[in-house]
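So the chains spell out like this:
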Amino acid sequence: MPTRPELESMLTRLWSEKLNVTPIGVEDNFFALGGDSLLAADLLMDLYDRLGVEVDAAVLFLKPTIAELVDEVLAS
Amino acid sequence: MRIAPCGHTRPPGRAHLADPVLHEVGDPHAALRALRRWDPVGWQPVEGRSGFWAVTRYADVRAVLTDHETFSSTGGVMLNMLGRPEPARDQQFASSDPPRHGLIRGPLQRQMTTRAVARHAPAIRSFVRGMLHPADGPLDFADLTSGLPLAFLGPLMGIPAADWPDLARWVAMSVAEHDPEAMLPDGPTATLERGHRELFAYLLHLVLDHRRRPRGDLVDLLASMPLRPGAVVANCYSLLLGGGAAIPHVPRAALAELIRTGRYEEWARRPDRIDRAVEEALRFTTPAGHFMRLTKRDTTVGGVRIPAGDAVVVWLGSANRDETVFPDADTMDPDRHPNRHLAFGDGRHYCLGAPVARLTLRIFFEELFATFASFEPAGEVERVRSTWLAGIRRMPVVGRRR
């Protein structure tokens, strides 16, 4: 399992790709940056495929920051 | 300006169809009747957003729904999307125009024909029997029927019964965000967003679960199409809302009318005419109250000029009470024929689930009529506070079994 900084940088890259926005902070809100539900689903599916872990999708949909998402990945 | 017909000397004040309270405690059918007569294609301003053209006559509603070249679905199809970008445009069958629309819908439709869904009839019947089995005496008919969508969402999408209470709440938040039973303390917009995101999160897990354990159902079919993951989930969302939101309101509103008019037993003792009775219940109740389209070019509807880029909202519940098409339109008549109602819409976006909805309603009414000898009212019927969902949220009755 990658470390927290590795996960943060991987997620930051992934968000930038999906949202076409840089820079992205770990406390930025995915939806406030222009994300929508379809993009969130794309992003989570990417994450599952890369890490092989199924994090609770509700985290990204309801607490949409990289910091929350990293907590969730590390917990699962 | 229309000349007042004899006996009607003044048009009543125009009702605001976008006001959800009208549909809950007002008289929406009186308002729609007046619009059909005085202002059948009329502009309705909406506070804080632009507005929309309200189309209320049957012929005009059909004209809009069957002309996808002029009236686009890509800007969202419900009033709560008015003035907002639709993220699922061209990704979701409900929010796409042909030819894109047909690419997603075609394969789904082949699994949803009358013949294809007939194989689910035994499972639907046993589900409905299980639902009605414990019911007796005082009960809330709205509670009793809240699980009805599961009769087919189980077989068609692999949704487990245990998940339904949460899903039903999120579906209600997504289609009736003003209703006091669905609304969160933060208000309707927050409710809509939360319901929508909860459903997306749930459906993403459902898609992943189908990946691990395919069931040959509609979720597997969508996942096998050349769609991005977000689009697979968005189409599951359409199926779930299409199937889960409206159907319980048909038996609720139909039974409320049968109780009100004392015609329950008359309907119950004629199982041979069940198909016509189901069509009439659909026409009379029309739970999906409206659909929105955006004009792609300047056009006219019912002789009224509408510029490109405007929102046009067709009111299905009004079209289905159009007195020029349905004689005695406010009477629920189980022998009505012909009955070309628009409860499932019309044109390319005609309800994908209509065959399974008809099958489920037929089975439900058969079982209801066979199980219960009578119903008495036991309290006030409360309607849903929503511009889209024309239905009933509470319906205390006393049921007597045969």
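A quick note: this is a predicted structure, and the numbers were derived from the prediction, not measured.

Residues and elements named next belong to chain B. Spatially, three strands are ordered β4-β12-β9 in an open sheet, and the strand pairing comes out antiparallel. At either margin of the open sheet sits one strand with a lone partner, and together these are β4 (137–140) and β9 (372–377). For this sheet, the mean angle separating the axes of adjacent strands, direction not counted, is 35°. As paired elements, β4 and strand β12 (residues 396–401) share four bridges and run antiparallel to each other. Each bridged residue has a counterpart across the sheet, and for Leu139 the counterpart in β12 is Val397.

Residue and element names in this part refer to chain B. The five strands lie next to each other as β1-β2-β8-β5-β3, forming an open sheet whose pairing is mixed. Bordering the open sheet on either side are β1 (41–45) and β3 (71–72), each of which pairs with just one other strand. Bridging between β1 and strand β2 (residues 51–55) involves five bridges; their strand directions are antiparallel. Each residue of the ladder has a partner; that of Val41, found in β2, is Val55. Sitting on the sheet, helix α3 (residues 58–65) is in contact with β1, β2, β3, β5 (290–295) and β8 (311–315), with an inclination near 130° to β8.

This part is about the pairing of β2 of chain B. On a regular strand, each side chain points to the face opposite its neighbour's, so the side chains alternate between the two faces of the sheet. Residues and elements named next belong to chain B. In terms of residue burial, β2 counts as a mostly covered element, since four of its five residues are buried. Joining the antiparallel neighbours β1 and β2 is a turn of five residues, in which Gly48 adopts a positive phi near 80°. Judged from the three bridges that link them, β2 and β8 form a sheet pairing that is parallel. If you follow Val55 over to β8, its bridge partner there is Val314.

Residues and elements named next belong to chain B. Under the 1.5 Å per step criterion, the end-to-end length of helix α15 (residues 274–285) is 16 Å for twelve residues, consistent within 8% with the ideal 16 Å. Judged by how many residues are buried, α15 sits mostly within the fold: nine of twelve residues are covered. Within the span of α15, buried status applies to Ala277, Val278, Glu279, Glu280, Ala281, Leu282, Arg283, Phe284 and Thr285. Looking one or two residues beyond α15, the residue adopting positive phi is Thr286, at roughly 35°.

For the rest of this paragraph, the subject is the UniProt feature "domain: Carrier" (unreviewed entry) in chain A. The feature "domain: Carrier" (unreviewed entry), as given by UniProt, occupies residues 2–76 of chain A in the numbering adopted here. Secondary structure content for residues 2–76 of chain A is 63% helix and 0% strand, and the end C-alpha separation is 12 Å.

Another aspect to go through is the environment of Thr66 of chain B. Residue and element names in this part refer to chain B. Relative to the assigned elements, Thr66 resides in the loop between α3 and β3. Along the primary structure Thr66 and Arg401 are separated by 335 residues, whereas in three dimensions their C-alpha atoms are 45 Å apart. Residues contacting Thr66, with those up to four places away along its chain left out, are Asp346 and Gly347.

Rules behind the numbers
- For every chain, the first residue of its written sequence is number 1, and the numbers climb from 1 along that sequence.
- Chain letters start at A and ligand numbers start at 1, both assigned in the order the entries are written.
- With the structure being a predicted model, the display of local features is reserved for residues of pLDDT at least 70 and the display and counting of side-chain atom pairs for 80 or more, all residues being used for whole-chain, interface and lining totals.
- When DSSP finds two or more bridges between two strands, those strands count as paired.
- Runs of E in the DSSP output that reach at least two residues are strands. Runs of H or I that reach at least four are helices, and both are numbered from the N terminus.
- To obtain an axis, a line is fitted to C-alpha atoms, over the contacting stretch when the element is a helix, and the angle between two such axes runs from 0 to 180 degrees between their N-to-C directions.
- Here, residue contact means that the backbone-derived C-beta atoms of the two residues sit within 7 Å.
- Burial is judged by counting the other C-beta atoms within 10 Å of a residue's own C-beta: 20 or more makes it buried, 12 or fewer makes it exposed, and any count in between marks it as partly exposed, with every C-beta position built from the backbone.
- Multiplying one less than the number of residues by 1.5 Å gives the expected span of a helix.
- UniProt positions are given in the numbering used here, feature names are shortened, and annotations may be inferred rather than shown by experiment.

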